[in-house]
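Here are the chains, one letter per residue:
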Amino acid sequence: MSSLKRGPFVAGNWKMNLGLGEARALARKVVEAGPDFGECTIVLFPPFTALGTVAGAIAGSAVGLGAQDLFWEDQGAYTGEVSAPMLRDAGCTYVLVGHSERRQLFGETDGTVNRKIKAALKAGLSPIVCVGETLAERDGGRTLDRIDDQLALGLADLPTGEIGRIIIAYEPVWAIGTGRTASPGQAEEVHAHIRGRIRESYGNESAACAIILYGGSVKPANSYPLFREKNIDGYLVGGASLDAGGFVDIAREALRACREKT
Ligand code: PEP
């Protein structure tokens, strides 16, 4: 599978929300706004139960489908789990890995993140790997160290060339679902650091092409100033992605900033 192309990318993480009727309606509204998105990639991440419904609702459009998690084995006696080949079968091309809610509430570690990334890649899925510091880590001046650990352990021993199929999402834990957003400067510092680490490990071309998303209380009002920063390529949007109008406006604002920056 070929590398991803760098460009504005807006992902909507619906978390554990929406029944099938609501999911279908929201996906259709996003698709209907689609012609306005231009070169901006839009991907929806419904809960597992709604993957089939959303796959149907976005069929034939440019909107993509992703899952919120996966298990690293392909099949077997793993009650409650869903594998990468199953997600491919359901129409997914992306999967979130290591979201802070998985890390904090369900015991996800950098080791399990690594196994999940490898399973996703093997099945032809592009993983969106979430990294980010807690408020205590930021206040203690340990933000960049925490990011380094998550990248080093999470991306350990990847097959050559696979970095081009991975998206990194910087999501400061203190900004997720809190209404508190990192300032453009705070986000840019970490994004530039992540790109620098990719450069050190995988070379200039991989760093130049890498898609690095920001996540944490993104709304239409902060999309433009964040996207103006050099190393911010898009967003992982939680709460605001449940409203089609707001989600679409975030993408439009990102696109407006992108056109001014290039
Ligand atoms: C997220 O779920 O990844 C997220 C960033 O949530 P919110 O936009 O609600 O902060």
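In short, a report on the structure.

What counts, and where the lines are drawn
- Residues numbered from 1 in each chain as written.
- Predicted model: local features only at pLDDT ≥ 70, side-chain atom pairs only at ≥ 80, totals over all residues.
- Heavy atoms only, no water.
- Phe/Tyr/Trp six-rings, centres within 6.5 Å; stacked < 30°, edge-to-face > 60°.
- Helix = DSSP H or I, 4+ residues; strand = E, 2+ residues; numbered from the N terminus.
- Buried < 20%, exposed > 50% of the residue type's maximum accessible area, 1.4 Å probe, protein only.
- Pairing = 2+ DSSP bridges.
- Axes fitted to C-alpha atoms, helices over the stretch in contact; angles between N-to-C directions.
- Contact = heavy atoms within 4.5 Å.
- 1 Å grid on protein atoms, 1.4 Å probe; cavity = no way out; pocket = protein on both sides within 12 Å on 5 of 7 lines; lining within 4 Å.
- Points joined across faces, edges and corners; volume = space filled by probe spheres on them.
- Nonpolar A, V, L, I, M, F, W, Y, C, P; charged D, E, K, R; others polar.
- Polar contact = N/O pair within 3.5 Å; in protein donor to acceptor, adjacent residues only side chain to side chain.
- Parallel < 35°, antiparallel > 145°, perpendicular 65-115°, else oblique.
- Left-handed = near helix turned anticlockwise from the far one by under 90°.

1. As for the packing of aromatic side chains
Geometrically, a pair of aromatic rings is defined through the distance of the ring centres and the angle of the planes. A complete count under the given rule lists five aromatic pairs for this structure. Relative to Tyr94, the ring of Phe9 has its centre 5.3 Å away and its plane inclined at 75°; by these criteria the two rings are edge-to-face. A residue pair is termed long-range when its members are at least 10 positions apart, and Phe9 in strand 1 (residues 9–13) and Tyr94 in strand 4 (residues 94–97) qualify at 85 residues. On the basis of relative accessibility, which here comes to 11%, the residue Tyr94 falls in the buried class.

2. Quick notes on the sheet that holds strand 7 (residues 212–215)
Pairing in this closed barrel of eight strands is parallel, and the strands run 1-2-3-4-5-6-7-8 around the ring. Across the sheet, the mean angle from the axis of one strand to that of its neighbour is 25°, orientation sign disregarded. Note that strand 6 (residues 167–170) and strand 7 share three bridges and pair parallel. Within the sheet, the bridge partner assigned to Ala169 lies in strand 7 and is Leu213. Across the sheet, helix 2 (residues 51–58) touches strand 2 (41–45) and strand 3 (64–67), and the angle it forms with strand 3 is around 170°. Where helix 11 (residues 244–261) meets the sheet, its contacts fall on strand 1, strand 2 and strand 8 (234–237), and the angle it forms with strand 1 comes to roughly 160°.

3. Some words on the layout of surface pockets
Considering only enclosed or pocket space, the largest pocket measures out at about 460 Å³ in volume. Lining the largest pocket are 18 residues; nearest its centre among them are Met16, Gln68, Asp69, Arg102 and Phe106. Taken together, the residues of the lining of the largest pocket sort by class into nine nonpolar, four polar and five charged.

4. Describing the side chain of Glu137
Mapping Glu137 onto the fold places it in helix 6 (residues 135–139). Residue Glu137 is classed as buried on the basis of its relative accessible area of 16%. There is a polar contact of 3.5 Å between the side chain of Glu137 and the side chain of Arg146. With sequence-adjacent residues up to four places away left out, Glu137 is seen in contact with Arg142, Thr143 and Arg146.

5. Topic: unusual backbone geometry
One can expect most non-glycine residues to show negative phi and most peptide bonds to be in trans. Phi is positive for Leu18, close to 85°, though the residue is something other than glycine. The residue Leu18 is located in the loop between strand 1 and helix 1 (20–33) in this model. Phi is positive for Asp157, close to 55°, though the residue is something other than glycine. Considering the arrangement of structural elements, one finds Asp157 in the loop between helix 7 (143–154) and strand 6. The exposure class assigned to Asp157 is exposed, which follows from its relative accessible area of 69%.

6. Some points on the packing of helix 10 (residues 220–227) against helix 11
At a minimum axis distance of 8 Å, the contact between helix 10 and helix 11 shows a crossing angle of 20°. Put simply, helix 10 runs roughly parallel to helix 11. You can see that helix 10 and helix 11 cross each other, and the crossing is right-handed. Side by side, helix 10 and helix 11 meet where Pro220, Ser223, Tyr224 and Phe227 of the first sit next to Gly246, Asp249, Ile250, Glu253, Ala254, Arg256, Ala257, Cys258, Glu260 and Lys261 of the second. Partitioned by chemical class, the residues of the contact of helix 10 with helix 11 number seven nonpolar, two polar and five charged.

As far as function goes, none of this settles anything; it's purely spatial.
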